[in-house]
Amino acid sequence: MSAPPYVMLEGSSGNNFRPPPYGRNVPRYHSDYHKRSSGRSCYRRICWCYCCLFVLIVILALLVVYFYAVYEPQMPSYKVEKLEVKAFDVQPDFSLKTEFIVTVIADNPNSNIGFVYGKDSSVIVMYTDSNLCTGKLPNFHQGEKNTTIMKVDLKGKSEFGSGLQEAYTASRDNKRIPLLVKVKVPVSVVVGNFPTRQFVVFVNCSLLVDNLAPNKKISILSSNNTFDLKF
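- An unreviewed UniProt entry lists the chain under the name NDR1 HIN1 6, with Olea europaea subsp. europaea given as the organism.
- As stated in UniProt under Subcellular location (unreviewed entry), the record for the chain gives "Membrane".

Set out below in structure tokens:
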């Protein structure tokens with residue numbers, strides 16, 4: 001017979017077994033202290049980040065206040081001063097061939113700020129949502145306290161169907177022809193000799209003129225300008 005896999009001590013049973021008199025349980029320690037220490041460290045880092053952000057905001061605010069107090073920036077103004085028509089010809093295929101010259105005045109009232117007008121500009125003359133002609137503004141640097149007069153050549157060929165012809169004939173007979181001149185130009189602000197970030201200026205000029213006859217003096221009856229910026 002093979003030996004049993006265990007040995008039973010005399011005078012003991014499974015229910016009366018006790019550990020040795022000098023045996024001790026190993027104490028268990030919880031990691032609450034480490035958790036508290038880690039939480040405090042994370043909290044300190046968050047507070048430090050918020051403090052840095054607050055200081056940065058204060059510095060930027062002070063710089064903006066200083067800039068406005070010293071340079072007193074003002075928006076430039078734009079105005080369509082004159083409109084000349086060189087061609088306004090209805091073609092046999094009911095298209096319209098046009099050639100305009102638009103005189104635009106750009107006024108910079110700032111004493112310490114200049115502007116650089118970029119290359120990717122556009123000028124569009126519209127009549128009742130129809131593009132008549134297009135062109136571009138010149139690329140140039142406008143200095144402080146400067147007024148610049150620009151003559152912009154615009155040419156185009158557009159559809160001129162019966163409905164558009166009837167509307168134009170009625171406006172012409174009333175000597176009140178509505179036009180919309182849309183200008184889009186990238187501009188950089190120059191402070192001293194340092195150009196800043198470029199933004200895009202949008203100018204919509206609503207005109208009311210008495211006629212569009214070629215090589216004839218055109219009177220601008222009313223003009224209304226709106227501006228918008230895109231950074």
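Points about the overall build of the chain
Part 1 of the reasoning: Scanning the chain from N- to C-terminus turns up two helices and ten strands.
Part 2 of the reasoning: Secondary structure of the chain in N-to-C order comes out as α-β-β-β-β-β-β-β-α-β-β-β.
Part 3 of the reasoning: When burial is assessed residue by residue, the chain has 30% of its 231 residues classed as buried.
Part 4 of the reasoning: Put simply, the chain shows about 16,600 Å² of open surface, and 57% of that area lies on carbon and sulfur atoms.

Some points on the nonpolar core
Considering soluble globular proteins, one finds that nonpolar side chains tend to be buried as a cluster.
Part 1 of the reasoning: Membership of the largest hydrophobic core comes to 42 residues, with the highest contact counts inside it found for F100, V125, L179 and L212.
Part 2 of the reasoning: The element that contributes the greatest number of residues to this core is strand β8 (residues 177–191), accounting for eight residues.

Concerning the side chain of S171
Part 1 of the reasoning: Along the chain, the position of S171 falls in helix α2 (residues 162–173).
Part 2 of the reasoning: Residue S171 is classed as buried on the basis of its relative accessible area, which comes to 13%.
Part 3 of the reasoning: Within polar-contact distance, the side chain of S171 engages the side chain of Y127 at 3.2 Å.
Part 4 of the reasoning: Once you skip the residues sitting within four places of it in the chain, S171 turns out to touch Y127, R176, I177 and P178.

Things to note about a nonpolar patch on the surface
Part 1 of the reasoning: A cluster of nonpolar side chains, contributed by I46, Y50, L53, F54, V55, L56, I57, V58, I59, L60, L62 and L63, occupies part of the molecular surface with about 1,200 Å² of accessible area.
Part 2 of the reasoning: As for its position among the elements, L63 is in helix α1 (residues 32–71).

Concerning the pattern of salt bridges
Part 1 of the reasoning: Tallying each qualifying case throughout the model produces three salt bridges.
Part 2 of the reasoning: Among the ionic pairs, K86 bridges to E84, the shortest N-O distance being 4.0 Å.
Part 3 of the reasoning: On the basis of relative accessible area, E84 is assigned to the buried category, the value being 19%.
Part 4 of the reasoning: With a shortest N-O distance of 3.8 Å, D173 and R172 are connected by a salt bridge.
Part 5 of the reasoning: On the accessibility criterion, R172 (40% relative accessible area) is partly exposed.

Section: unusual backbone geometry
Trans peptide bonds make up the majority, and among non-glycine residues the majority have a negative phi.
Part 1 of the reasoning: Its identity is not glycine, yet K145 carries a phi of approximately 45 degrees, on the positive side.
Part 2 of the reasoning: Inspection of the secondary structure assignment puts K145 in the loop between β6 (140–142) and β7 (146–159).
Part 3 of the reasoning: Despite not being glycine, N215 has its phi angle at roughly 60 degrees, a positive value.
Part 4 of the reasoning: Inspection of the secondary structure assignment puts N215 in the loop between β9 (194–209) and β10 (220–230).
Part 5 of the reasoning: Residue N215 is classed as exposed on the basis of its relative accessible area of 64%.

Conventions we followed
In this convention, every chain numbers its residues from 1, walking through the sequence in written order. With the structure being a predicted model, the display of local features is reserved for residues of pLDDT at least 70 and the display and counting of side-chain atom pairs for 80 or more, all residues being used for whole-chain, interface and lining totals. As a rule here, side-chain values come from all non-hydrogen atoms in the structure, and water together with hydrogens is ignored. UniProt positions are given in the numbering used here, feature names are shortened, and annotations may be inferred rather than shown by experiment. Going along the chain from the N terminus, every DSSP run of H or I of four or more residues is numbered as a helix, and every run of E of two or more is numbered as a strand. Per-residue accessibility, obtained with a 1.4 Å probe over protein chains only, is compared with the maximum for each type, and a residue is labelled buried under 20%, exposed over 50%, and partly exposed between these values. For accessible areas, the Shrake-Rupley method is used with a probe of radius 1.4 Å. Any residue's cover is judged against the shown protein chains and nothing else. The term nonpolar core refers to a set of buried residues drawn from Ala, Val, Leu, Ile, Met, Phe, Trp, Tyr and Cys, joined through side-chain atoms within 4.5 Å. Any N or O atom pair separated by 3.5 Å or less is treated as a polar contact, with the protein-specific requirement of one donor-capable and one acceptor-capable atom, and with residues adjacent in sequence counted only for side-chain atom pairs. The criterion used for residue contact is that any of the two residues' heavy atoms lie within 4.5 Å. Any residue with relative accessible area above 30% and no salt bridge may belong to a patch, with like charges joined within 9 Å and the nonpolar Val, Leu, Ile, Met, Phe, Trp and Tyr side chains within 5 Å. Salt bridge, as applied in this entry: a Lys or Arg side-chain nitrogen positioned within 4 Å of an Asp or Glu carboxyl oxygen.

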